Amino acid sequence: MAPDLPALIAQEKNLGFPVKWAKDGDCLVFLAPLEIDGITIQGLQLRGKTKAFYANRNITIQLQYQGILGKAEPIARICWKPFHTHNNKGKGPHGLRFVEQKGSHHHSFGDNWNTTTNQMFKPNLPIAVPLSPEPQGFFELLALVRKEFRIMDADAIEIPQWSEKLA
């Protein structure tokens, strides 16, 4: 049975265990299960990714759901100081259609949830809005994750251990 994603999004959540970033090629990543009222919600995850050699740049934190047999599907994402740009390609708020977003942005669940079909718009969270104000540091980013994803202990996510030189 498919989960009630709007209900999961609305509830306060906690990390299922302490989050540690791990090296994966030229990136640092983490994947953590999420709990609601002390119960791990099967398939509900928080994922983080950043480049290993660029401190305080290009961090993606994503709320996702993985069904029993399927791959993890994004349900909300924050891109902080990304190297890439984002274009809503004619979707979303009128003032942001076809506008190249060059800075930090948020792919909210509400903007990317199709209430008619009860599923996420495809592909890959197509609608984003710029972050305003933009988080000024990693801990402000975590405060935004706490607020937008309702992950009450998001501030427990450790700072990535970026490398100062290329390997």
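Residues numbered from 1 in each chain as written. Predicted model: local features only at pLDDT ≥ 70, side-chain atom pairs only at ≥ 80, totals over all residues. Heavy atoms only, no water.

Draft legend 1. Representation of the pairing of strand 3 (residues 27-36) in the model. By the criterion of burial, strand 3 is predominantly enclosed, with seven of the ten residues buried. In this sheet, strand 3 lies alongside strand 1 (residues 14-15) in antiparallel orientation, the contact comprising two bridges. Along strand 3, the bridge assignment pairs N14 with E35. When strand 2 (residues 22-24) meets strand 3, the two strands line up antiparallel, connected through three bridges. Across the sheet, the residue bridging to D24 is C27, located in strand 3. Linking two consecutive strands that pair antiparallel, namely strand 2 and strand 3, is a turn of two residues; a positive phi of about 65° is found at G25 within it. When strand 3 meets strand 4 (residues 39-51), the two strands line up antiparallel, connected through nine bridges. (Buried < 20%, exposed > 50% of the residue type's maximum accessible area, 1.4 Å probe, protein only. Helix = DSSP H or I, 4+ residues; strand = E, 2+ residues; numbered from the N terminus. Pairing = 2+ DSSP bridges.)

Draft legend 2. Inspection of the pattern of salt bridges at higher detail. Taken as a whole, this structure holds five salt bridges when the rule is applied. We note a salt bridge from K20 to E158, for which the minimum N-O separation is 3.7 Å. Note that K20 is positioned in the loop between strand 1 and strand 2 and E158 in the segment after helix 3 (138-149), a separation of 138 residues in sequence. The partner of E148 in a salt bridge is K147, and the shortest N-O contact between them spans 3.6 Å. On the accessibility criterion, K147 (61% relative accessible area) is exposed. (Salt bridge = Lys/Arg side-chain N within 4 Å of Asp/Glu carboxyl O.)

Draft legend 3. Up close: the nonpolar core. Of all hydrophobic cores here, the largest spans 38 residues; its most connected members are L46, L63, I75, F149, I151 and I157. If you list the elements that add at least two residues to this core, you get helix 1 (5-10), strand 3, strand 4, strand 5 (59-66), strand 6 (72-80) and helix 3. Considering every element that reaches this core, the biggest residue donor is helix 3, with six residues. (Core = buried A, V, L, I, M, F, W, Y, C linked by side-chain atoms within 4.5 Å.)

Draft legend 4. Looking closely at the environment of P126. Note that P126 resides in the loop between strand 11 (119-120) and strand 12 (129-130). Counting along the chain gives 38 residues from P126 to N88, while the straight-line C-alpha distance between them is 5.9 Å. In contact with P126, other than residues within four places in its own chain, are H86, N87, N88, K91, N112 and F121. (Contact = heavy atoms within 4.5 Å.)

Draft legend 5. Broad picture of the confidence of the model for the protein. Per-residue confidence for the protein gives a mean pLDDT of 90, with 96% of residues at or over 70. Mean pLDDT in the protein bottoms out at strand 8 (residues 100-101), which sits at 76, and peaks at strand 1, which reaches 98. (pLDDT = per-residue confidence, 0-100.)

Draft legend 6. Spatial organisation of helix 3. Over its twelve residues, helix 3 extends 16 Å from the first C-alpha to the last, a length consistent with the 16 Å expected when each residue adds 1.5 Å. Within the sequence span of helix 3, burial applies to F138, L141, L142, L144, V145 and F149. The arc enclosing the buried residues of helix 3, seen along the axis, measures out at 155°, which places them on a common side. Looking at helix 3, the residues exposed on the side facing more than 90 degrees away from the buried face are F139 and K147. The inward-facing, buried residues of helix 3 contact strand 4, strand 5, strand 6 and strand 9 (105-107). R150 sits one or two residues past helix 3 and shows a positive phi near 60°. (Expected span 1.5 Å × (residues − 1). Arc of directions from axis to C-beta.)

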